[in-house]
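Coordinate inspection notes
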Amino acid sequence: MVKVRFAPSPTGFLHVGNVRTALVNWLFARRHGGHFLLRIDDTDPERSRQEYANAIMNDLEWLGLNWDGEAVWQSTRFDRYRRATEELKIQNRLYPCYETAEELDMQRKMLAGRGLPPIYNRAGLKLSDEQKKKYEAEGRRPHYRFLLNDEEVSWNDLIRGPAHFKATHMSDPVLLREDGVPVYTLASVVDDGEMHITHVVRGEDHVSNTAVQIQIYKALGFAVPEFAHMALLKTKEGELSKRLGGNDIRSLREASILPMAINSLLARIGTSKPVEPMDSLDELVRDFDFSAFGRAPAIFDPAELERLNTKLLHEMEYDEALLIMEDLAHFSDEAFWLSIRANIKTLAEARQWWDILHGDIQADLNHDDRAFARSTIASLPPEPWNETTYDTWIAAVKPATARKGKELFLPLRKALTGQEQGPELKKLLPLLGREKVMERLSA
Ligand code: GLU
């Protein structure tokens, strides 16, 4: 059975790039009747924050990306990682190193100066017991590196196709920090292995991690999962960043962007399939396929998101709108919703239209327009009013005025709504009612 995981580090809010990874994992799991796990990668105590983890879970729920079972926190699994490191030590695949960060940096600079790649020189491997004791007496604590074997690492990437890495071109990765904290590279393998993850689906920035992690899965006796590395999501300006903001889900939520607008875009962006507004995740599940993913970076364009959002709103039923914007029920009703939905860009604008219809408005009309607006009151049909009322009214107004076209409609719109644009007046008239229309025309 397919089992995948989304493994965010709680070091910031989810941005569209992270969500794309979550969504693609989720769609793949649902497509194959598999499991989608949520794993909070919080091994880094300095950068991980509970509030970010909470926000991540909250955002995933809001997007409809529910996970199976309880979320797993790496910080609760340190004993497992320790056991794995013991095992690797027994196999002589984990060795202590005593270089400080500055020393390593210096080494890398020297290699760069000679035009060589920054590969660790394995000095730690050659230390005698005496040298190690001497370092420890100096107060140095070891960090531990995984000894890569010389085998070529290869896998058949579900998106990138066959991938090959020469282990001799890579540094032995650090798996345990000087303070004894295991790093992500190890923790992730232990978790994937113990949780029987079948497919690791993540961003292309992890390709070189995959190369070393495959050797770690094997050393620990775990089945090596399949891999799919997605081309990164970028903006027209460049990289997405947790720090830059604006593309984080929080901001999009605050800007009243619909979850399905985000899902519709992120499921298809960077694939050969068209980006279309989709009402539900089910539709996206049905045609999910890794073979549609391209290798070029996908460009995230907020304008495209807005377009999808607008299209979804224009077709949305009142019940659906209520599910997304709870307080809509406190101030609106279905007739109102159906009248304004085609003229709003975000759900938040619904509130503005409610206030326009029910609150006080400022209409900016000149003297003539005001007189004209007032003159049309006599032609207002009696109630009950419906969507035909407007035409009846205008038919009665026309013979009595030389105005036509914009000259005729715009002052009426402005008098009734204070706006130059908006939903069709024939829809607004019954919502306003005769009394309010009279009041506004004479104001
Ligand atoms: N915590 C890692 C990240 O956010 C997870 C990568 C992975 O999926 O293995 O990049």
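You'll find the structure just up there.
In this text, all values refer to a predicted model and were calculated from it rather than measured experimentally.

Rules used throughout
- Residues numbered from 1 in each chain as written.
- Predicted model: local features only at pLDDT ≥ 70, side-chain atom pairs only at ≥ 80, totals over all residues.
- Heavy atoms only, no water.
- Near = heavy atom within 4 Å.
- Polar contact = N/O pair within 3.5 Å; in protein donor to acceptor, adjacent residues only side chain to side chain.
- Nonpolar A, V, L, I, M, F, W, Y, C, P; charged D, E, K, R; others polar.
- Pairing = 2+ DSSP bridges.
- Helix = DSSP H or I, 4+ residues; strand = E, 2+ residues; numbered from the N terminus.
- 1 Å grid on protein atoms, 1.4 Å probe; cavity = no way out; pocket = protein on both sides within 12 Å on 5 of 7 lines; lining within 4 Å.
- Points joined across faces, edges and corners; volume = space filled by probe spheres on them.

What follows deals with the site of the ligand. Surrounding the ligand, one finds R5, A7, S9, D41, Y184, S188, R202 and H206. Here a nitrogen atom of the ligand and a side-chain polar atom of D41 are 2.7 Å apart. One of the side-chain nitrogen or oxygen atoms of Y184 is found 2.5 Å away from an oxygen atom of the ligand. Looking at the shell around the ligand residue by residue, the class counts come to two nonpolar, three polar and three charged.

This next bit is on the sheet that holds strand 11 (residues 233-235). Sheet architecture is open: three strands sit in the order 12-11-13, paired in mixed fashion. Each edge of the sheet is formed by a strand with only one pairing partner; in this case those strands are strand 12 (238-239) and strand 13 (298-300). In this sheet, strand 12 lies alongside strand 11 in antiparallel orientation, the contact comprising two bridges. Bridged to T235 within strand 12 is G238.

Counted by the stated rule, this structure contains one cavity of 30 Å³ or more. Taken as a whole, the largest cavity spans an internal volume of roughly 70 Å³. L27, A267, R268, T271, K273, L284, D287, F288, D289, A292 and F293 together form the lining of the largest cavity. For the lining of the largest cavity, the class distribution of residues is six nonpolar, one polar and four charged.

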